[in-house]
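Structural characterization, general
Letter by letter, the chains look like this.
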Amino acid sequence: MRPTAIVTGASRGIGRAVAIRLSRDHRVIALARDEPRLKALSQEISSSGGECLSMPLDLTKPAQIEAELDGVEADVLV
């Protein structure tokens, strides 16, 4: 099993680029508010042979983060 990388702000810009790069060697959990862009990222990574789970959430809401990531073990956090 690949190590897991959580990437925040993964729907665009630097976060998206980092998620794509990390997907070569990691299972990516992509976090951002923009669900359609996260789905597109997940499809792009999957079509390239990677694994990406998209989680639309608002990082300004700690309870939401805790609920979504409860039990998730990550090797990398960006």
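Look up: the structure comes first, before these words.
What comes next is a walk through the structure. If you're wondering where the values come from, they're calculated on a predicted model, not measured in any experiment.

The next subject is the sheet that holds strand β2 (residues 27-32). Overall, parallel pairing links the 4 strands, which are arranged β3-β2-β1-β4 in an open sheet. What marks the edges here is a single partner per strand, and that holds for β3 (51-56) and β4 (76-77). The pairing of β2 with β3 spans 6 bridges and is classified as parallel. For Val 28, the partnering residue across the bridge sits in β3 and is Cys 52. The sheet strands contacting helix α1 (residues 13-22) are β1 (4-8), β2 and β4, and the helix crosses β1 at an angle near 170 degrees.

Looking now at the side chain of Thr 4. Tracing the chain through its elements places Thr 4 in strand β1. A distance of 3.4 Å separates the side chain of Thr 4 from the side chain of Arg 27, its partner in a polar contact. Setting aside residues up to four positions removed in sequence, Thr 4 forms contacts with His 26, Arg 27, Ile 29, Glu 73, Ala 74, Asp 75 and Val 76.

Cut-offs used in this document
Residues numbered from 1 in each chain as written. Predicted model: local features only at pLDDT ≥ 70, side-chain atom pairs only at ≥ 80, totals over all residues. Heavy atoms only, no water. Pairing = 2+ DSSP bridges. Helix = DSSP H or I, 4+ residues; strand = E, 2+ residues; numbered from the N terminus. Contact = heavy atoms within 4.5 Å. Axes fitted to C-alpha atoms, helices over the stretch in contact; angles between N-to-C directions. Polar contact = N/O pair within 3.5 Å; in protein donor to acceptor, adjacent residues only side chain to side chain.

All we've got here are geometric facts, nothing functional implied.
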